[in-house]
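What follows is each chain in one-letter form.
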Amino acid sequence: MEHRILITVAQDEIAPRFDLTTEVLLVTLSENDDLIARKSFLLAHASGDELCDLALSRDMGVIVCGAIEDEYYHYLRWKRIEVIDSVMGPVEEVISCLVQGKLKTGDILYQRTREKE
Amino acid sequence: MLKRIATLGSFPCPDLPRLVDGLPIGIALLDGHGHILMLNKTLEALTGFSREEVKGLPCRHVLRSRACVQNCPHARKENQVVETDCINRHRRKIPIRITPVTVHNQEGQPICILDVVEDLTTLKEMEARLSQSAGQGQIIGRSPAMEKILRLVPVIAQHDSPLLITGEIGTGKDLLAESVHKASPRSREPFVRFSCGPMPSEMLDTELFGRMVGQGSEIQPGRFQQAQGGTLYLSEISELPQLQQTALVRYVDEGTILPVGASKPIAVNARLMASTAESPEKLVQEGRLREDLFHRISAIRLHLPKLQERGEDLEFLLHHFLTHFAHRFKKEITTISAEALHIIREHSFPGNIRELKNIIEFAAMVCTDEEIRAEHIPGHLSRTLTQTPKHLASKQRKTLGKKS
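Residue positions are counted from 1 within each chain, in the order its sequence is given. Labels are handed out in written order, letters beginning with A for the chains and numbers beginning with 1 for the ligands. Under the rules for a predicted model, residues below a pLDDT of 70 receive no local features and side-chain atom pairs below 80 are neither given nor counted, while totals for whole chains, interfaces and linings still include all residues.

In terms of nonpolar packing, the biggest core is built from 55 residues, with Ile 7, Ile 14 and Val 64 of chain A together with Ala 28 and Ile 36 of chain B touching the most fellow members. By the criterion used throughout, residues are in contact when their C-beta atoms, derived from the backbone, lie within 7 Å. If sequence neighbours within four positions are ignored, Ile 7 of chain A has contacts with Ile 14, Val 24, Leu 25, Val 27, Val 64, Val 91 and Val 94 of chain A. We call a set of buried Ala, Val, Leu, Ile, Met, Phe, Trp, Tyr and Cys residues a nonpolar core when their C-beta atoms link them within 7 Å. Here a residue counts as buried when 20 or more other C-beta atoms sit within 10 Å of its C-beta, as exposed when there are 12 or fewer, and as partly exposed otherwise, the C-beta atoms being derived from the backbone.

Laid out in C-alpha cells, this is it:
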C-alpha cells in the first residue's frame, strides 16, 4: 500500500511553523518505501485550517512539519493522520530519512555549525 | 565566542552561562548568522529545548515564533521590540515579546546577538479579563432601548442585590445576565446557569442546594455551592415548584441554603439572578410565582425589548451576524440584496434575535457568492412574500436601466 506524505516546506528546509506554511511537498512512497512521486504545492496564504483541509482532501497518511499547535495536532491525529512534528532540517535529508523509514518526531537533521574559538 | 566576550572588558568576565541562567527572562545568545550559541534556563523551560540539543541550529527552528517566519527581528537594521507568539516543543502557543540586542566589541564591531524573550501569557490573560469586564460581553445593540440597558449594566454590576430579567424568548436574557456578571467584581468567580425546567422535586433540591453524602460529613455540591463567590442565574424561574421558591426566599433573606439530608443550613455567597419570558405580575396573579419571592428577586429589574421594538437594531444585528457567519464558514459574503432585506424586514420574528441569528446562519451557509439573495433566505419567510413588491420592482428596473 502506498504512503502519502505531506511535508511543510520553507525554501529548502522544513517550515518552522505548520500554521505559517505557504509551500508543501506531497510525496508518495511505495509499499517498500521507494519514492514514486513528489509534487510541490504553493498556497495562496498561510492557514493551518486550510492545510488540514488539504491533507484530508488529498488523503494524506502522514504529515511532516516543524512546530504545530496542539489544536491542529490532535485534530489531525483524530482524523487518523500521523503527525511527525518538531522536525528540523533540509527537505532532501527529511525525504531520505522517510525513504529509509527512520524519521521520527523531534529529529534534527542539520549539520551543526561549530563554535569558532 | 565566550572567550571573546571574556576579553571585552578590562575586568575578568563573569561566567556568562551562570549569569544569564539566573535571569527570570528568556535569553538566547546567537552568532552573526542567527545560529544558537546558548539558551538560558528560562528559555529552555519556555521552548522545551535544552541548550545542548539546539546549539548551532538556526534560531527560527528553536524559538519558532511568528516573527521569525514573517518578519525576522534580526533582518531589520535597528533592534526593535517585537510582540509575537511562538509554539514550544509541547505544542503550546505562547505570546512572547522579543528584544534583540546586538553585542559589540571595544572597536564597535558586532560580535553576537542577545535575544531577550519575555513570556506574555499572564499579561495577555489579564488583558483579556479586563477587556471582558470592561465591555458588555457579547450583548450588542444601537437602538435607544438597548443603549439605555447597556448603560445600566456597569452600574447594576457593582451591586449584590438580586436581578430579575424579563423579555420574550430569544431576546438575550441569558447573555445580559452573563454580561452583568462579567462587569461585576465577581467576574473572576463562576457564573452558574441553571434552567428551572420540570424535574422531580428531590432531584431539583439536589441540583440546586446539593446533598449530604457518605456518613453525612461531605456535601455533594449543588448549583449554589458551585456559584460560591460568583453568580447563580436561574432561567425561567416561574417553572420552579413552590417548595424551591420558598427555599429561595430564605436564601435571599438569610443567605443560607439547606442541602438535602443536612440538619442545619449552610451559608453561601452567590449573587442571585433570575429571568422569565412572561410578565412576573401575571405569574404572581396566576399563583405560579410566589409574591414574596417576586418582590425579593426584583430588587433590580431589567426588561429586554423584543426585536420588532428595537428599530435600527434589526439591520445592525443582521450585519453583525452576517460578518460572524461569513467568517465562520470562510466565505466572502459582504452584502445582502434589497429583496432579501425586504423579506427579513417584513418578518415578525416571534423568536426574536435567536431567530434572526438562525436565519442569517442558514443564508450564509447556502450562499455561494458575495451577496445574500432572496433564494438564500429560509423558505418559510420568502413564501409569505411570493410577489416582489411594486416599489422594489421599480427600483430593480431603475438599476437595470442604469447598467444598460
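More follows now that the structure is in view.
In this section: helix 3 (residues 91–99) of chain A. Residues and elements named next belong to chain A. In this text, helices come from DSSP runs of H or I with a minimum length of four residues, and strands from runs of E with a minimum of two, each type numbered from the N-terminal end. Those residues of helix 3 that fall on the buried side of the exposure criterion are Val 91, Val 94 and Leu 98. Projection of helix 3 onto a plane perpendicular to its axis shows the buried side chains occupying an angular sector of 60 degrees, all on one side. Close packing links the buried residues of helix 3 with strand 1 (3–10), strand 2 (13–14), strand 3 (23–29) and strand 5 (62–64). Where helix 3 terminates, the next one or two residues include Gly 101, which has phi positive at roughly 70 degrees. Comment: arc refers to directions from the helix axis out to C-beta atoms.

A pair of strands is considered paired only if DSSP assigns at least 2 bridges between the two. In this sheet, strand 4 (residues 93–104) of chain B lies alongside strand 3 (residues 82–87) of chain B in antiparallel orientation, the contact comprising six bridges. Looking at the pairing, Val 82 of chain B lines up with Ile 98 of chain B of strand 4 of chain B.

What follows deals with the sheet that holds strand 1 (residues 26–30) of chain B. Residue and element names in this part refer to chain B. With respect to topology, five strands assemble into an open sheet ordered 2-1-5-4-3, the strand pairing being antiparallel. What marks the edges here is a single partner per strand, and that holds for strand 2 (36–39) and strand 3. Pairwise comparison of adjacent strand axes, ignoring direction, gives a mean angle of 30 degrees for this sheet. Every axis in this analysis is a line fitted to C-alpha atoms, fitted for helices over the stretch in contact. Angles between the N-to-C directions lie between 0 and 180 degrees.

This part is about the sheet that holds strand 10 (residues 231–235) of chain B. Residues and elements named next belong to chain B. Taken in spatial order, the five strands of this open sheet run 7-10-13-6-14, and their pairing is parallel. Across the chains shown, the open sheet's two edge strands, defined by having one partner strand only, are strand 7 (191–195) and strand 14 (300–303). Taken pair by pair, the neighbouring strands of this sheet meet at an average axis angle of 20 degrees, ignoring direction. By the bridge criterion, four bridges tie strand 6 (residues 163–166) to strand 13 (residues 271–276) in an arrangement that is parallel.

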